[in-house]
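One letter stands for each residue in the lines below.
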Amino acid sequence: MTKSSSPSRLDAFFGNPAAAVGMAVVCNVLWGSAFPFIKMGYRLFAIDATDTASIMCFAGVRFMLSALLVYAGGAALRRGPLPMPKGKNLLSCCGLGLWQTAAQYTFYYSAVALLTGAMGGILNSTQSFMGVILAHFLYGKADRMTPRKAIGCALGFSGVLVATLGNASGSPAGVAYMLIASVIFALAGPWNKAVTQKVDSFTVSCLNLGVGGAALLVIGLVLGGSLHPQSFGAVPVLLFLAFISGAGYVIWALLMKNNPVSRIAVFGLIIPIMNVLLSAILNGEPLFEWQYLAALMLVCGGIYLVNRPAAGKKKEN
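Within each chain, residues carry numbers counting from 1 in the order of the written sequence. Local features in this predicted model are restricted to residues whose pLDDT is 70 or higher, and side-chain atom pairs enter the listing and the counts only when it is 80 or higher, whereas totals over whole chains, interfaces and linings include all residues. As a convention, hydrogens and water are excluded, and side-chain values are obtained from all of the structure's heavy atoms.

## Considering the overall build of the chain
So, point 1. A run of DSSP states H or I qualifies as a helix once it reaches four residues; a run of E qualifies as a strand once it reaches two. Both are numbered from the N-terminal end. Within the chain one finds 14 helices and 0 strands.
So, point 2. Ordered by position from N to C terminus, the α and β elements of the chain give α-α-α-α-α-α-α-α-α-α-α-α-α-α.
So, point 3. Each residue gets one of three labels from its accessible area relative to the maximum for its type: buried under 20%, exposed over 50%, partly exposed in between, using a 1.4 Å probe on protein chains only. Within the span of the chain, comprising 317 residues, buried residues form 50% of the whole.
So, point 4. What makes two residues a contact is simply this: any of their non-hydrogen atoms within 4.5 Å. Put simply, 88% of the contacts in the chain that link residues at least 6 apart link residues at least 24 apart.
So, point 5. Methods summary: accessible areas were calculated by the Shrake-Rupley approach with a probe of 1.4 Å, and residue burial reflects only the protein chains presented. Counting only carbon and sulfur atoms, one obtains 70% of the accessible surface of the chain, whose full area is about 14,500 Å².

This is the structure we're talking about:
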């Protein structure tokens with residue numbers, strides 16, 4: 001029973017309410033730091049906003065490294081290699097990687113190059129609200145739109161309008177790319193959920209990140225992209241971005257496995273807050289602009305409402 005001893009200790013730790021809250025905060029802080037660190041990476045690798053090929057190389061290397069970390073984490077938890085799917089399940093996992101990782105992050109990374117961290121983070125938060133709307137049409141009564149969720153979505157999209165209207169720092173192309181990336185992410189949710197019903201979730205993520213990352217890297221190289229570190233900090237930043245994806249997924253998978261969704265989902269409101277704060281600290285972007293602060297309050301309020309459990313369901317697993 002040696003194989004199950006380590007996962008059982010981890011399950012006990014992540015199932016502890018206090019530990020779960022702490023790890024949910026850690027996970028969302030990591031995810032919230034991605035946008036400003038990507039922008040820092042562009043600067044340290046001297047990648048211009050118009051150099052799409054090198055941007056794709058940068059993203060591809062990050063996600064391939066993340067896939068290795070997810071594989072290592074999953075294998076350590078299982079005390080053995082991850083099971084690999086075959087046939088249609090393998091094709092579905094690879095297709096998901098091309099859609100959720102390669103397609104989504106082609107637009108996402110292009111948007112990062114064109115937007116401030118605060119603007120990008122607020123726009124990216126729309127994926128939470130798009131997912132709620134999509135779930136209503138896909139799952140019906142099992143995940144229907146309620147007045148509370150509708151108000152939350154309205155607040156979230158209002159925040160996006162406040163951030164973008166009359167804001168000269170928001171590139172129209174960058175705004176469009178980020179919104180397209182959010183739509184792709186929302187559409188990938190049901191596909192991801194269906195695949196993980198048949199294939200180990202760590203395997204799905206490993207193939208998702210690995211196949212998508214490889215596609216991005218190959219396309220970037222074919223288009224003439226390359227990576228040229230300009231200082232010692234360039235490679236550590238890239239490795240940290242890989243760690244964010246790999247470690248973030250492992251932590252979130254264990255949290256989702258051992259806790260009610262309502263206990264941890266609400267901590268997603270940390271992501272746009274960290275995005276704005278770290279963009280100001282790391283990249284010298286403005287912090288106290290009324291559009292960003294107002295948008296941030298609306299978006300966080302919306303995220304809270306769509307994730308808050310309904311009355312009488314707070315103990316639901």
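## Observations regarding the packing of helix H3 (residues 34-44) against helix H4 (residues 52-78)
So, point 1. Note on geometry: axes are C-alpha line fits, over the in-contact stretch for helices, and angles between N-to-C directions span 0 to 180 degrees. It is the contact of H3 with H4, at a shortest axis distance of 11 Å, that shows an interaxial angle of 125°. The orientation of H3 relative to H4 falls into the category oblique. The element H3 and its partner H4 pack so that their crossing is right-handed. Across from Ala34, Ile38, Gly41 and Tyr42 in H3, the residues of H4 making contact are Ile55, Phe58 and Arg62.
So, point 2. When residues are grouped by polarity, Ala, Val, Leu, Ile, Met, Phe, Trp, Tyr, Cys and Pro land in nonpolar, Asp, Glu, Lys and Arg in charged, and all others, Gly among them, in polar. Its residues assigned to classes, the contact of H3 with H4 comprises 5 nonpolar, 1 polar and 1 charged. Angle categories are assigned with fixed cut-offs, so that under 35 degrees is roughly parallel, over 145 is roughly antiparallel, 65 to 115 is roughly perpendicular, and the rest are oblique. By convention the crossing between two helices is left-handed if the near helix lies anticlockwise of the far one by an angle smaller than a right angle, and right-handed if it lies clockwise.

## Notes on the nonpolar core
So, point 1. Counting residues in each nonpolar core, the largest one holds 72 residues, and the members touching the most others are Ile38, Tyr42, Phe58, Tyr108, Tyr109, Leu115 and Leu255.
So, point 2. Examining the composition of this core, we find that 11 residues originate from one element, helix H11 (residues 234-258), more than from any other.
So, point 3. Contacts of tyrosine 42, omitting those with residues within four sequence positions, involve Ile47, Ile55, Phe58, Tyr109, Val112 and Ala113. Throughout this description, the term nonpolar core refers to a set of buried Ala, Val, Leu, Ile, Met, Phe, Trp, Tyr and Cys residues connected via side-chain atoms within 4.5 Å.

## Observations concerning helix H13 (residues 270-283)
So, point 1. For H13, with 14 residues, the first-to-last C-alpha span of 19 Å sits near the 20 Å given by 1.5 Å per residue.
So, point 2. Taken together, the buried positions of H13 are Ile270, Pro272, Met274, Asn275, Val276, Leu278, Ser279, Ala280 and Asn283.
So, point 3. Of the residues flanking the end of H13, it is glycine 284, one or two places downstream, whose phi is positive at about 65°. Between the first and last residue of a helix there are one fewer steps than residues, each counted as 1.5 Å, and that sum is the expected span.

## A few points about the environment of valine 204
So, point 1. Checked against the element boundaries, valine 204 lands in helix H10 (residues 201-222).
So, point 2. It is 9.5 Å that separates the C-alpha atoms of valine 204 and asparagine 89, two residues lying 115 residues apart in sequence.
So, point 3. Apart from the residues lying within four places of it in its own chain, the contact partners of valine 204 are Cys93, Leu96, Asn192, Val195, Thr196 and Val199.

## Observations regarding unusual backbone geometry
So, point 1. Positive phi is not limited to glycine here, since alanine 46 has a value of about 55°.
So, point 2. Of the residues examined, alanine 46 reaches a relative accessible area of 52% and is grouped as exposed.
So, point 3. One non-glycine residue, arginine 79, lies in positive phi territory at about 55°.
So, point 4. Mapped onto the secondary structure, arginine 79 falls in the loop between H4 and helix H5 (87-114).

## Quick notes on H10
So, point 1. When the terminal C-alpha atoms of H10 are compared, their 31 Å separation across 22 residues agrees well with the 32 Å that a helix rising 1.5 Å per residue should span.
So, point 2. Its side-chain oxygen at 2.9 Å from the backbone nitrogen of phenylalanine 202, aspartate 200 defines the N-terminal cap of H10.
So, point 3. Phi for glycine 224, located one or two positions after H10, is positive at around 95°. Counted as a polar contact is a pair of N or O atoms within 3.5 Å, where, for protein atoms, one must be capable of donating a hydrogen and the other of accepting one, and residues adjacent in sequence contribute only when both atoms are in side chains.

## Digging into a nonpolar patch on the surface
So, point 1. A patch consists of residues whose relative accessible area exceeds 30% and which take part in no salt bridge; residues with like charges are grouped when within 9 Å of each other, and nonpolar side chains (Val, Leu, Ile, Met, Phe, Trp, Tyr) when within 5 Å. Note on definitions: salt bridges are taken to be side-chain nitrogens of Lys or Arg within 4 Å of carboxyl oxygens of Asp or Glu. Among the surface-exposed residues, Trp99, Val183, Leu187 and Trp191 lie close enough to one another that they form a single nonpolar patch of about 330 Å² accessible area.
So, point 2. Tallying contributions element by element places helix H9 (residues 172-196) first for the nonpolar patch, with 3 residues.
So, point 3. Checked against the element boundaries, leucine 187 lands in helix H9.
So, point 4. Since its relative accessible area comes to 43%, leucine 187 is described here as partly exposed.

## A short note on the confidence of the model for the chain
So, point 1. Summary of the metric used: pLDDT quantifies the predictor's per-residue confidence within the range 0 to 100. Considering every residue of the chain, the mean pLDDT works out to 82; 88% of them sit at 70 or more.
So, point 2. Low pLDDT, under 50, characterises residues 1-6; the predicted model gives this stretch 5 contacts beyond four residues in sequence or across chains.

## Topic: the side chain of serine 33
So, point 1. Mapped onto the secondary structure, serine 33 falls in the loop between helix H2 (17-32) and H3.
So, point 2. There is a polar contact of 2.6 Å between the side chain of serine 33 and the backbone oxygen of leucine 30.

## Here we look at the environment of phenylalanine 107
So, point 1. Relative to the elements of secondary structure, phenylalanine 107 occurs in helix H5.
So, point 2. Relative accessible area serves as the criterion here: at 27%, phenylalanine 107 is assigned to the partly exposed category.
So, point 3. Taking the C-alpha atoms as reference, phenylalanine 107 lies 6.4 Å from methionine 178; in sequence the two are 71 residues apart.

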